[in-house]
Amino acid sequence: MNFFKKSKKGFINKEVKELIQWSEPNGDGCMVSDMITKEGWKVGYMFRDEPLPDQPDSGWHFYKGDENEEYSNEPNNFHIFKLNTICNYDPDIIPYLNSPVGTYLIRTSDGKFIPDDGTLPICMEKQDQ
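Residues numbered from 1 in each chain as written. Predicted model: local features only at pLDDT ≥ 70, side-chain atom pairs only at ≥ 80, totals over all residues. Heavy atoms only, no water.

S.K.: Can you help me understand the sheet that holds strand β2 (residues 45-48) in this one?
M.R.: Two modes of strand pairing occur in sheets, parallel and antiparallel, and in both the strands are linked by backbone hydrogen bonds. Strand order in the open sheet made by the six strands is β4-β1-β3-β2-β5-β6, with mixed pairing throughout. Each edge of the open sheet is held by one strand with a lone partner, namely β4 (78-82) and β6 (113-115). The average undirected angle you get between the axes of adjacent strands in this sheet is 25 degrees. The sheet contact formed by strand β1 (residues 29-33) and strand β3 (residues 57-63) spans three bridges and is parallel. If you follow glycine 29 over to β3, its bridge partner there is aspartate 57. (Pairing = 2+ DSSP bridges. Helix = DSSP H or I, 4+ residues; strand = E, 2+ residues; numbered from the N terminus. Axes fitted to C-alpha atoms, helices over the stretch in contact; angles between N-to-C directions.)

This is the structure:
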């Protein structure tokens, strides 16, 4: 049963509080899987690419962690949000946001993130309701 209240566009409504102040020069945009913003999962996998030039881009990408190739190849399954907004969906990511470009992290069973070396499973959890 889904207890999340959804907006007209299907995104889970969250009261957005200012949780972070982002001061990176390229901006505070990030790419996020609909598994997080529409289906209510916490971030399970996150990585930071080189920000796109001339875009308000932090370089961060957030996934539930089990999106397959077919899902990931569909652009409509991902949307651009401000980092602060995604921190309201999942505040567990906040301590890791200043990690450098080239960082790849997975959620562990204790709710923390560790570097992804490809050997450990990603812990996937639902957001608090």
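S.K.: Sorry if this is basic, but what is going on with the packing of aromatic side chains here?
M.R.: Two descriptors summarise a pair of aromatic rings, namely the distance from one centre to the other and the angle between the planes of the rings. With the rule as written, the count across this model stands at 10 aromatic pairs. Between phenylalanine 11 and phenylalanine 81, the aromatic rings sit 5.4 Å apart at their centres with planes inclined by 85 degrees, giving edge-to-face as the arrangement. Separated by 70 residues along the polypeptide, phenylalanine 11 in the segment before β1 and phenylalanine 81 in strand β4 bring together distant segments of the chain. You can call phenylalanine 11 buried: its relative accessible area is 15%. On the basis of relative accessibility, which here comes to 15%, the residue phenylalanine 81 falls in the buried class. With centroids separated by 5.3 Å and ring planes inclined at 65 degrees, the aromatic side chains of tyrosine 96 and phenylalanine 113 adopt a geometry described as edge-to-face. Of this pair, tyrosine 96 sits in the loop between α3 (83-89) and β5 (104-107) while phenylalanine 113 sits in strand β6, and the two are 17 residues apart along the sequence. Since its relative accessible area comes to 5%, phenylalanine 113 is described here as buried. (Phe/Tyr/Trp six-rings, centres within 6.5 Å; stacked < 30°, edge-to-face > 60°. Buried < 20%, exposed > 50% of the residue type's maximum accessible area, 1.4 Å probe, protein only.)

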